[in-house]
Amino acid sequence: MPAYRAPLDDIRFVLHDVLGTEQLRALPGYEEVTPDLVDTVLDGMAQVCEEVLFPLNQVGDQVGSTVADGVVTTPPGFKEAYATFCEAGFPGLSCDPAYGGQGLPLTLRAVLDEMVCSTNLSFGMFPGLTYGAYEALHAYGSDELKDAYLAKLVSGEWAGTMCLTEPHAGTDLGIITTKAVPAGDGAYHVTGSKIFITAGEHDLTPNIVHLVLAKLPDAPPGTKGISLLLVPKYLPTEDGRPGTRNGVTCVGVEHKMGIKASPTCQLQFDNAKGWLVGEPHKGLRAMFIMMNGARLNVGMQGLGLSVTSYQNALQYAKDRLQMRALKGAARPDQPADPIIVHPDVRRGLMTMKSFNEGARALAYHVGMEMDVILHHPDPARRQEAEDLVALLTPVVKAFFTDVGFESANIGLQTYGGHGYIREYGMEQYVRDSRIAQIYEGTNGVQAMDLVGRKLPAEMGRLLRRFFQPTHELIERESQGDLKDLAEALGQGFRRLQQGTQLILAKGMRDPNEAGAAASEYLRIFGLVAVGAMWLRMARVAQDKLAAGAGPKEAFYRSKVVTAKFWMTRILPQAHGLMASIAAGGETIMALEPDAF
Amino acid sequence: MKIAVAIKRVPDMDTRFKIAPSGTAVDETGLKFDMSDFDGYAAEAALQINEKQGGGEITAISLGPDVVQETLRKALSMGLDKAVQLKADAVPFDGYAIAEALAAELKGGSYDLILFGRMAIDSSNQSVGPMVAELLGLPCISAVSQLDVSDGKTVKARRELEGAYEEVTCPLPAVVTIDEGVARPRYPSLKGIMAAKKKPLEVKPAQLGPVTATVAKMELPPERAAGRILGENADAVPELVRLLQTEAKVL
């Protein structure tokens, strides 16, 4: 049976010592966010995730969500766990207090996302999608819609969905065919088929609020003609209870490789009553509010699963006695040594550890920038944060989920044959993490977003928001006790700069060149961005050690060693990736389809 | 109803403990601390009593250094109304010393009901609650799995026995120590956590009684010997049975 312990020491190190919770507290609206409040909230999250969500992860996988006659049943225990999750107030953690939210920082939501993904990704999909619906409705809904639905979504009493994909329209939403026809009373009648709808139907809540992309009769073609509609499963009564059943039915649930407890539904809308969210034909804007948040959340899924896989692989490597250490027995009193003595096992563990801790720092950094966007009084600073978050969103989504999957796979490998056996739980993390590379825009699409949209945006202004501070960081550390780390990061950073120049120069002439380089480029970006966080963490750890860390000495020493591991054993991948980019797209595009 | 709940901060029991160099205590480095399990049940029992009756006030009391404030804040975030820290450099092993300090604080509080966990999950002494009752001259019912004080005058308590149970009553005010089974402690909600920041937490010096009992030595159980594989399939069973009878002596 796998185990999970929220890595609170690591989390607190990032929040308090590296990023500085006082930065959050300085933002108007977060005056109450003292370090001890943050710690108490972290304890509360950890307890519910460890004690309530994690024990349901394996049963959720084995039983799954099932459908019969349009009714979806979640695995045993999910209803009770959802009730506990809502009673604790987690759905509304960072939501608007005007609708019953707690108004806590998005940085803390990022921590909650990590813990939920670590303990029960399938479960996390239900509140995750609800939060996406909350965000879109909060940003673009009319006051009537907000008053009728927001408080219910904030408390978790009702759940939400995002209904985008249709059988023939996945990545390309411009060609959807679901129709919304005015009903004459300000409402619309929505008709069409949607697929891959996460939590599209279930028994956790008495009502479900669908946000549906559809086309109005006078819609212009393509993405400029998409509207967003709110379609509840039950039309609310005057006093806010679920009333008449609306025309939306679940006609099937997919059989998937992983996240089996999360019902992926096919929904049929048949003259379902709905209301416009935002302006006609401007649904894509509202949808991107949901999408961007969702992409960062999906990045946390890669990280979260990697964390749990690592914790268990580490314990197994310490417990499993097999063979002797290469330089002689480490535990002569035992029949064999624990496998953690072996360099190759350690290589795997260090790869996971350095990713987990570095990616966590980057994710919380992005979370804190999102808080700046929401609350900072200076518009210039807000713009800066907005640029950085926009730039890093595809990086977090794709890099975290690619490496998260690789990491879960290393965790399985550490267990040897036992990793392949279901009871040990390790193969579930591999299967569950696989989807994160696909949904909310495949990682290929993320790479295209980075290269095609984010790099050229505002004449490279977004890019400068990352390049400038990274350059300064490397300069700052280029003398003194961390100069080796700064030098290694500098080398990786130069590859990123070279890649950027090459893509901008070649890609202008031939977009296929940019497309051919995009995935490698995004990976270099991720390697460097995590590397920059590692340099910052190493600085803090080194300073703590110099000041005398007492009982925490081993903790900080481990940070410095792990930083060095990332810089010298992982980041050099950037050189090989850059060589691939430099080779260009010629061989990729040369073959005619028939010649493959 | 005016209720006091005594709360102890204890290490998470789900850890691999090490003995400190002193040889008389556990090594606290890297340990996670939380409210003792049974004290959580006691806090929940108090909350449910006052929720049912509407009104009242629940005070959480903990003895120890400033780190216990963290545990008291947790109690406040569960919904308890106020907290008192009886400040002491360390928590002595001697339950009597602690009981005197608690009794001195509780004496003037005119509490209707004083709740303890059945025992502290780390030291398992089960002594402080009954000692406090004795010092205050109050009746005491220990290891209670169901509790009814709805008439405001008497405690009706159920105690689990081996294969049976008994119902015990006594007049209020009284001291009751709580076993699991009363109610699963609720998780602190975000709303509760935010509210807890504004609830009063009073710090007073602990008037500890004399310490006469101390820990002389603490040791971990011997490490379990490695398992042995006797053979495979049914052929191994006779030898296994023989060893279970002669060596392990469990059959």
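Keep in mind that this is a model prediction, so the values were computed, not measured.

Looking at where Ser519 of chain A falls in the secondary structure, it is placed in helix H15 (residues 511–546). Spatially, the C-alpha atom of Ser519 of chain A lies 19 Å from that of Leu303 of chain A, the residues being 216 residues apart in sequence.

Judged by side-chain polarity, Val237, Val241, Val250 and Leu251 of chain B come together as a nonpolar surface patch covering roughly 360 Å² of accessible area. With respect to the helices, strands and loops of the structure, Val250 of chain B is situated in the segment after helix H6 (237–246).

It is worth spelling out the domain arrangement of chain A at this point. Residue and element names in this part refer to chain A. Domain boundaries in chain A define domain 1 (8–64 + 76–140), domain 2 (159–284) and domain 3 (289–583). The partner domain 3 presents 44 residues to the 37 residues of domain 1 that form the contact. When domain 1 packs against domain 3, the two sides together hide about 3,600 Å² of surface, and 64% of this comes from carbon and sulfur. Taken as a group, Phe13, Leu19 and Glu114 account for 16% of the area that domain 1 buries against domain 3, more than any other trio of residues on that side. Inspection of the domain 1/domain 3 interface yields 4 salt bridges. Of the charged contacts, one joins Lys559 and Asp10 as a salt bridge, the two residues approaching to 2.7 Å between their closest N and O atoms. Our count for the domain 1 to domain 3 interface comes out at 15 residue pairs in polar contact (both at pLDDT 80 or more). Per-element tally for the side of domain 1 that touches domain 3: the top contributor is helix H6 (residues 106–140), with 16 residues. Split into classes, the residues belonging to the side of domain 1 that touches domain 3 amount to 22 nonpolar, 8 polar and 7 charged.

Looking now at the packing of H15 of chain A against helix H16 (residues 553–570) of chain A. Residue and element names in this part refer to chain A. The N-to-C vectors of H15 and H16 enclose an angle of 150°; their axes lie 9 Å apart at closest approach. Taken as axis vectors, H15 and H16 run roughly antiparallel relative to one another. Crossing geometry of H15 relative to H16 is assigned as left-handed. In contact with Leu527, Val530, Gly531, Trp534, Leu535, Ala538, Ala541, Gln542, Lys544 and Leu545 of H15, H16 contributes Glu553, Tyr556, Arg557, Lys559, Val560, Thr562, Ala563, Trp566, Met567 and Ile570. Residues belonging to the contact of H15 with H16 are distributed by class as follows: 13 nonpolar, 3 polar and 4 charged.

Attention shifts here to the interface of chain B and chain A. With 20 residues of chain B at the interface, the matching set in chain A holds 27 residues. At the boundary of chain B with chain A, total buried surface from both sides reaches about 1,900 Å², with 56% on carbon and sulfur atoms. Contact with chain A buries surface across chain B, with Tyr187, Leu190 and Met194 of chain B losing the most and accounting together for 37% of the total. If you look at where chain B meets chain A, you find 6 salt bridges. For the pair chain B and chain A, the number of links is 6 residue pairs in polar contact (both at pLDDT 80 or more). Elements with a contribution of two residues or more to the side of chain B that touches chain A: helix H2 (68–78) and helix H5 (190–196) of chain B. Top contributing element to the side of chain B that touches chain A by residue count: H5 of chain B, with 4 residues. In terms of residue class, the side of chain B that touches chain A is made up of 6 nonpolar, 2 polar and 12 charged.

Moving on to the pattern of salt bridges. Counted by the stated rule, this structure contains 51 salt bridges over all chains. The closest approach of N and O atoms between Asp17 of chain A and Lys544 of chain A, which form a salt bridge, is 3.7 Å. Placement of Asp17 of chain A in helix H1 (residues 8–19) and of Lys544 of chain A in helix H15 is noted, with a sequence separation of 527 residues between them. Note on Lys544 of chain A: relative accessible area 30%, which makes it partly exposed. The partner of Arg347 of chain A in a salt bridge is Asp344 of chain A, and the shortest N-O contact between them spans 2.8 Å. Of this pair, Arg347 of chain A and Asp344 of chain A both sit in helix H9 (residues 343–375), 3 residues apart, roughly one helical turn. Bridged by salt links that share partners, the residues Arg5 and Glu50 of chain A together with Asp12, Asp14 and Lys32 of chain B form one connected network.

About the criteria used
Residues numbered from 1 in each chain as written. Chains lettered and ligands numbered in written order. Predicted model: local features only at pLDDT ≥ 70, side-chain atom pairs only at ≥ 80, totals over all residues. Heavy atoms only, no water. Helix = DSSP H or I, 4+ residues; strand = E, 2+ residues; numbered from the N terminus. Patch = residues over 30% accessible without salt bridge, like charges linked within 9 Å, V, L, I, M, F, W, Y side chains within 5 Å. Areas by Shrake-Rupley, 256 points an atom, 1.4 Å probe, with all protein chains shown as cover. Salt bridge = Lys/Arg side-chain N within 4 Å of Asp/Glu carboxyl O. Domains from an automatic or database assignment. Contact = heavy atoms within 4.5 Å. Buried area = accessible area lost by both parts, 1.4 Å probe. Polar contact = N/O pair within 3.5 Å; in protein donor to acceptor, adjacent residues only side chain to side chain. Nonpolar A, V, L, I, M, F, W, Y, C, P; charged D, E, K, R; others polar. Axes fitted to C-alpha atoms, helices over the stretch in contact; angles between N-to-C directions. Parallel < 35°, antiparallel > 145°, perpendicular 65-115°, else oblique. Left-handed = near helix turned anticlockwise from the far one by under 90°. Buried < 20%, exposed > 50% of the residue type's maximum accessible area, 1.4 Å probe, protein only.

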